[in-house]
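# Coordinate inspection notes
So the chains spell out like this:
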Amino acid sequence: MKRYLFILILFFLLKEISAAQNSPVHVPLVDNAPKLDGNLDDIGWQKAAKITTFKQREPREGEPISEKTAVYICRTATALYFGFRCSEQDPAKITAKELARDVSLGHDDRVQIILDTFKNQKSAYWFQIGPRGSIGDALVSENGATFNKDWDGLWDGRAKIHETGWDAEVEIPFNTLSFNASLDRWGLKLIRHIRRKNEQGYWPVANLNTYKFQVSDAGTISGMAAVSQGLGLDIRPYGLGGMDRSPAQSNDWIRDAGIDVFYQVTSNLKSAITINTDFAQTEVDNRQINLTRFPLHYPEKRDFFLDGANYFNFGISAERDNPYSKRLIPFFSRRIGLDINGNPLPIQGGAKLTGQSGRYHIGLLHISDERTENRRQFSVARVSRDLGRQSSVGMIWTRGNATGPDENTLFGMDFKLATSSFKGNKNLSLLMFGLHSITENILSENNAFGCEIVYPNDMSFRLGFHQIDEHFVSGLGFVPRRGIRETYFTYSLGPRLQSHPYGLLQILFETNMNYITDMDNQLLTRILEFTPLKLRFLSDDQLSFNMSAEYERLIKDFNILKDEYIIPQNIYTFNNYWFDLTSAQHRNIWASTIYRWGDFYNGQRRDWNIALGYKIAVPFFLGLEWEQSDLEFPGNDYTVQVYRLNGNVLFSPRITLDNFIQYDNISENIGWQSRFRWILKPGNEIFLVWNSIFSDPLERFVTENSSSRLKFVYNYRF
């Protein structure tokens, strides 16, 4: 066995070392920075490097992009500049409906930049801009498998639609980036999306057997030595005022202030200190009604924890497209600043260090919040080292327990072998990990471990296994189910139709198997899912039919819907079927619906999920979601409903007003958040946020509580 493992490791590393390098594009230094106005008429662009050779990834892999596309690149001593000239045969058909920062542009025309500033072919910065100047950014890691779109960097962009297409200009200050200052060459990938044709053009290569934002096949730019980050210091104070109101108490006036300080210790290591941290501007979570036996996962939305979050990824929790990535998360930052019942707690302060040093990736974090217990200190350390080009070995350590009263320490190791050149241009990876927890009064059955092999290409599969012991405790993590051994397998095949009959782009077939036993190998859960038909159209409409067969062994009674009904301990088998239809969201009016029906333990269940969107005009959007589950048990019927309403006004890419209203018939409460955001310039912002909960709205419409906050954030950059 050891001999075969050695051969496998040697194969991965040799495949990585043998990868070819791209000829670099030299980025010239210009004296005068281009003015950001969406016009490519500055003299700096005349001296810029030019790239025009874009190839389609879809719908016709490898063919030249159908619309002329030119990208200009230059730099000053302090910033990198990109200019995009996107021609269009019919400018009236440009899809450009979005304005807000960080809004999804997945249904608009857009251009994207992927910058590998360490030339490690694993991690990168991602930037995008649309025809109306809406910008967004993200952190890419694990060679494109992990994508953290909640990261916000300080940079800027402008765009303009004209009679022959649209142009865009992007300015990325070097002090927004971490990089290896000794390198003259960075990695670069460029992407253009033409929405009405469902077309994606890539430079330098277009390959379906890659992640969409894969880093290892990026091109190369040179001329990046001796760029300046300045002092590398950002000081970001905030001040806020507001009021909390409830019927039982008088108005409580709020005044507060705090500060975040960011410092580039080196060009590739960033430190941060936060004092009296505030998250008043954070978006509320979507309401969910839990019809399972296990806790639900809610994503992190707080800026301080999102910045550099990729440096804390461990094991299977790293991949965003892995359906099992939420099974075992050793560090889940939402545990901090929330009590055991999920109620917010003030954060006193903390410190963080993230970045790279040579071949090492480093994430260190310490936070203190205001718990009533003495255990309010939380620490995390995550360090990994590159092996070859895309493989790595790493460790994680956490101290603190946000899930219970006992002291908890956790440590573990993971080992990943990966290549993007298997059979020439395909991805293949093998992951192994192990974790051990130390908790007061627990001396055994406190480990977790697993492995996974992934082939994430146009034809893809995933095979994995993990074991989570009964007494394994991750005090700062998310582990919804313990005392199990879980084996899973997914497979997908999606042939593309070159002639596109009836507008068809792709036909997909998918299957998924999930097999869970207890520690004595007695079967607890078995799920077999099959998608015999999924259709993708050139118009971006999608249609699928799915079915599943499930086995559940309840070892104790299941109290569903807050003890409204008790599903008795027993063995259950049930079948389910569902249709999924989604119309293209680049239209002014779009809709999606999922209808599911079948067995549910000792009863029946029907689910409707309907979403509607109406782009009244470019500045106005109205969206409605309705989720309903009809549960029929012997002698008892229940209907569970959740409604969500979005009414957004987009005054400009820098000034937006979002209104989000939610209602569910279990709590019988309406939640309403209005969130006004004004970006004066990158880093300097004004927020006005109002949150309110109305109880029994169909009878009395009584305000249960409300809060309003006016927050000013100013960034001093040195």
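For the structure given in this document, a descriptive report is provided here. (Residues numbered from 1 in each chain as written. Predicted model: local features only at pLDDT ≥ 70, side-chain atom pairs only at ≥ 80, totals over all residues. Heavy atoms only, no water.)

## Focus: the nonpolar core
Counting 40 residues, the largest nonpolar core has Phe82, Phe84, Leu115, Leu188 and Leu190 as its most contacted members. Breaking this core down by element, the ones donating at least two residues are β2 (49-51), β4 (69-75), β5 (79-87), β6 (110-116), β7 (124-129), β8 (135-141), β11 (165-173) and β12 (186-194). Discounting chain neighbours no more than four positions away, the residues touching Leu188 are Ile51, Ile73, Phe82, Ile113, Ile114, Leu115, Trp203, Pro204, Ala218, Gly219 and Ile221. (Core = buried A, V, L, I, M, F, W, Y, C linked by side-chain atoms within 4.5 Å. Buried < 20%, exposed > 50% of the residue type's maximum accessible area, 1.4 Å probe, protein only. Helix = DSSP H or I, 4+ residues; strand = E, 2+ residues; numbered from the N terminus. Contact = heavy atoms within 4.5 Å.)

## Describing the side chain of Lys189
Tracing the chain through its elements places Lys189 in strand β12. Within the structure, the side chain of Lys189 is placed 2.7 Å from the backbone oxygen of Gln214, a separation counted as a polar contact. Looking at Lys189, its side chain comes within polar contact range of the side chain of Asp217, at 2.7 Å. Discounting chain neighbours no more than four positions away, the residues touching Lys189 are Gln112, Ile113, Ile114, Tyr202, Trp203, Gln214, Asp217 and Ala218. (Polar contact = N/O pair within 3.5 Å; in protein donor to acceptor, adjacent residues only side chain to side chain.)

## Section: the pairing of strand β19 (residues 360-369)
Taking burial as the measure, the ten residues of β19 include seven buried ones, the bulk of the element. Note: strand β18 (residues 347-357) against β19, ten bridges, orientation antiparallel. Looking at β19, one finds that Leu353 is bridged to Leu364. Turn length for the β18-β19 hairpin, with the two strands adjacent in sequence and antiparallel, is two residues, and the turn residue Gly358 shows positive phi of about 65°. As paired strands, β19 and strand β20 (residues 377-387) are joined by nine bridges and run antiparallel to one another. (Pairing = 2+ DSSP bridges.)

## What to know about a nonpolar patch on the surface
A surface patch of nonpolar side chains, about 700 Å² in accessible area, is lined by Ile589, Leu612, Tyr614, Ile616, Phe620, Leu622, Leu624 and Leu645. Elements that contribute at least two residues to the nonpolar patch include exactly β34 (603-617) and β35 (620-633). For Leu645, the location among the structural elements is in strand β36 (residues 636-652). (Patch = residues over 30% accessible without salt bridge, like charges linked within 9 Å, V, L, I, M, F, W, Y side chains within 5 Å. Areas by Shrake-Rupley, 256 points an atom, 1.4 Å probe, with all protein chains shown as cover. Salt bridge = Lys/Arg side-chain N within 4 Å of Asp/Glu carboxyl O.)

## Focus: the sheet that holds β4
Reading across the sheet, the five strands line up as β2-β4-β5-β11-β10 and stay open at both edges, with antiparallel pairing between neighbours. Among the strands making up the open sheet, the edge pair consists of β2 and β10 (156-162). The mean inter-strand angle of the sheet, taken between neighbouring strand axes irrespective of direction, is 15°. Sheet topology note: the β5/β11 ladder contains nine bridges and is antiparallel. Note that in β11 the partner of Cys86 across the bridge is Trp166. (Axes fitted to C-alpha atoms, helices over the stretch in contact; angles between N-to-C directions.)

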